[in-house]
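Residue strings, one per chain:
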Amino acid sequence: MPKYSFDEITAHLKSSGFVYQGSEIYGGLSNSWDFGVLGASLKKNIKDLWWKEFIEKSPYNVGIDSAILMNSKTWEASGHLKGFADAMVDCKECKGRFRADKLIGEATGLSAEGKSFEEMDKMIEDNHIVCPDCGKFNWTNARAFNLMFKTYIGTLEDAKSVVYLRPETAQGIFVNFANVQRSARKKIPFGIGQIGKSFRNEITPGNFIFRVREFEQMELEFFCKPGTDLDWYKYWVDYCYSFVKRLGIKEENLRIRAHDPEELSFYSKGTSDIEYAYPFMDWGEVWGIADRTDYDLSQHSKYSGKELSYLDPETNEKYIPYCVEPSVGVERLFLMICCDAYDVEKLEGDDERTVMHLHPAVAPIKACICPLSKKLSEQANKLYEDLCAEFRVEYDEAGSIGKRYRRNDAIGTPFCITYDFDSLEDGCVTVRERDSMEQTRVKIDELKDYIRERIAF
Ligand code: GAP
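Keep in mind that this is a model prediction, so the values were computed, not measured.

1. Remarks on the packing of aromatic side chains
Aromatic ring pairs are defined here through the distance separating the ring centres and the angle between the ring planes. Per the counting criterion, the structure on display carries 36 aromatic pairs. Between phenylalanine 54 and tyrosine 239, the aromatic rings sit 5.0 Å apart at their centres with planes inclined by 80°, giving edge-to-face as the arrangement. One end of the pair, phenylalanine 54, is in helix α2 (residues 37-56); the other, tyrosine 239, is in helix α9 (residues 229-246), and 185 residues separate them in sequence. A relative accessible area of 23% means that tyrosine 239 is categorised as partly exposed. Put simply, the rings of Trp50, Trp51, Phe54, Tyr60, Phe222, Trp232, Tyr235, Trp236, Tyr239, Phe243, Trp287 and Phe457 pair up and form one aromatic cluster. Above the plane of the ring of phenylalanine 35 lies lysine 43, whose end atom (NZ or CZ) is 4.1 Å from the centre. Across the ring face of tyrosine 450, the terminal group of arginine 454 is positioned such that the distance to the ring centre comes to 3.6 Å.

What follows is the structure, given as structure tokens:
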């Protein structure tokens, strides 16, 4: 059972500058969000951490940055043009539009996974599911709604100039498989990762930044020899789960859910989701890890006519590599991290504090320099400038020290550093730690090492 309501957490994220409503001064744009000063920093830290752990620290993997707009044949080959669609129903009374499987699931608790349009129509009929918006029962039949955003390239708006905003970053990796393998001289097994924007015209986006139409993905396509794929699949499930745990996410809020055989795509040998107990649903997908076999490379080879197989230089075997794909949305990680970190703690007497127990590696601000008196501004500012070169630090001399601590607790700053009159004599500052609220006297000369050690992932 979540400790805090989702409304309370989102209100905090909005008011403290993590997330703003998109286009707010024009009344907003349905379910679009902007990341504010703290949110942009938290997001960047999450992406940097992923890049470090999945690309830079991996002996196998390399990273690329491919284009959002791709030749439309890509989406024919990948199956997105035909199959990347949700079943949609419209309420004929109020014109409300719903994803049929969600409508059925929310009204009855039954799963419509893998059901045909006709079967979904029957489930809606049999269970007399009314429109959640107007309460009437007058539906269109279920039909396919392709989730890709369509636009035109160049000056002509004809069939030949149609392009799509990519709905996943993965295809930019598959079409570059041969380029990367050759230019980076990679031997199987190896992975190609990238971070970038993806776009999906979701029928029912919602739950704040959980399901949005414009989001960022961090995807790794890991290519291996057929027959070794299930071992690598297990390896990447464990690796992703360990990444989430190392972020300090409470284990009771996490689970790994292996997909049932009927849920699997026809080409997948196994798929598991890392799920989090978000406050607005029982369990929500954070990270999907799938064994995609040789489907993607085979499809691109077929549609492009280009050779995408691999010749093993040691054994002379030629094969199309299998691919294991761990794929995660930055916004889903962001939301999980914030929901898990948010806390309102009772202190002595009637006092309480709002605190975000963010892992210091992702905290937007690592430390705040708080001079005890404005008379110490000059020395405290020097310290701030020195630390700025290496860490994202803030300077705050407004209000009592207690108020400054509270402000920083509420945005997850791991350390407040007080420069006082003794600092002039002993060359030390008081470091107050966010979670324990303990205070330690640290030599200014050793301060960088002190922070560096404690913010490491
Ligand atoms: N290449 C595989 C792929 O894209 P997916 O399950 O459709 O698979 C992967 O998406 C991840 O992207 C999800 O686990 C989720 O974290 C994130 N994601 C997908 N759709 C999203 C949306 N509309 N809003 C935010 N994140 C989304």
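Having put the structure on the table, let's press on.
2. Here's the deal with the sheet that holds strand β4 (residues 85-90)
Strand order across the open sheet formed by 3 strands is β5-β4-β6, with antiparallel pairing between neighbours. Edge positions in the open sheet fall to β5 (97-99) and β6 (143-146), since each of these has one partner strand only. When the angles between neighbouring strand axes are averaged without regard to direction, this sheet yields 50°. Here helix α5 (residues 100-108) sits on the sheet and contacts β4 and β5; the angle it forms with β5, its principal contact strand, is near 80°.

3. A few points about unusual backbone geometry
Cis geometry marks the peptide bond from isoleucine 188 to proline 189, where omega comes out at 5°. Topologically, proline 189 is positioned in the loop between α8 (177-183) and β9 (190-199). Positive phi, close to 55°, is recorded for asparagine 207, a residue that is not glycine. Mapping asparagine 207 onto the fold places it in the loop between β9 and β10 (214-224). Overall, asparagine 207 belongs to the partly exposed group, its relative accessible area being 35%. Within the chain, phenylalanine 208 stands out as a residue other than glycine whose phi angle is a positive 65°.

4. A look at the site of the ligand
Lining the immediate surroundings of the ligand are 18 residues, of which Glu168, Arg200, Glu219, Glu285 and Val286 lie closest. For the ligand, a nitrogen atom lies 2.8 Å from a polar atom in the backbone of valine 212. Here glycine 329 contributes a backbone N or O atom positioned 2.9 Å from an oxygen atom of the ligand. Surface burial for the ligand is 88%, taken as the share of its 550 Å² of free accessible area covered by protein chains.

5. As for the nonpolar core
Core analysis: the largest hydrophobic core is formed by 59 residues, its most contacted members being Trp287 and Met336. Mapped onto this core, the elements with two or more residues apiece are α1 (6-15), α2, β10, α9, β12 (270-276), β13 (284-291), β16 (322-329) and α11 (330-341). Looking at this core element by element, the count peaks at 9 residues for α11. With near-sequence residues (within four places) excluded, tryptophan 287 lies in contact with Trp50, Phe54, Cys240, Phe243, Val244, Ser272, Asp273, Ile274, Pro326, Ser327, Val328 and Leu333.

Rules of the game
Residues numbered from 1 in each chain as written. Predicted model: local features only at pLDDT ≥ 70, side-chain atom pairs only at ≥ 80, totals over all residues. Heavy atoms only, no water. Phe/Tyr/Trp six-rings, centres within 6.5 Å; stacked < 30°, edge-to-face > 60°. Helix = DSSP H or I, 4+ residues; strand = E, 2+ residues; numbered from the N terminus. Buried < 20%, exposed > 50% of the residue type's maximum accessible area, 1.4 Å probe, protein only. Lys NZ or Arg CZ within 6 Å of the ring centre and 35° of its normal. Pairing = 2+ DSSP bridges. Axes fitted to C-alpha atoms, helices over the stretch in contact; angles between N-to-C directions. Contact = heavy atoms within 4.5 Å. Near = heavy atom within 4 Å. Polar contact = N/O pair within 3.5 Å; in protein donor to acceptor, adjacent residues only side chain to side chain. Areas by Shrake-Rupley, 256 points an atom, 1.4 Å probe, with all protein chains shown as cover. Core = buried A, V, L, I, M, F, W, Y, C linked by side-chain atoms within 4.5 Å.

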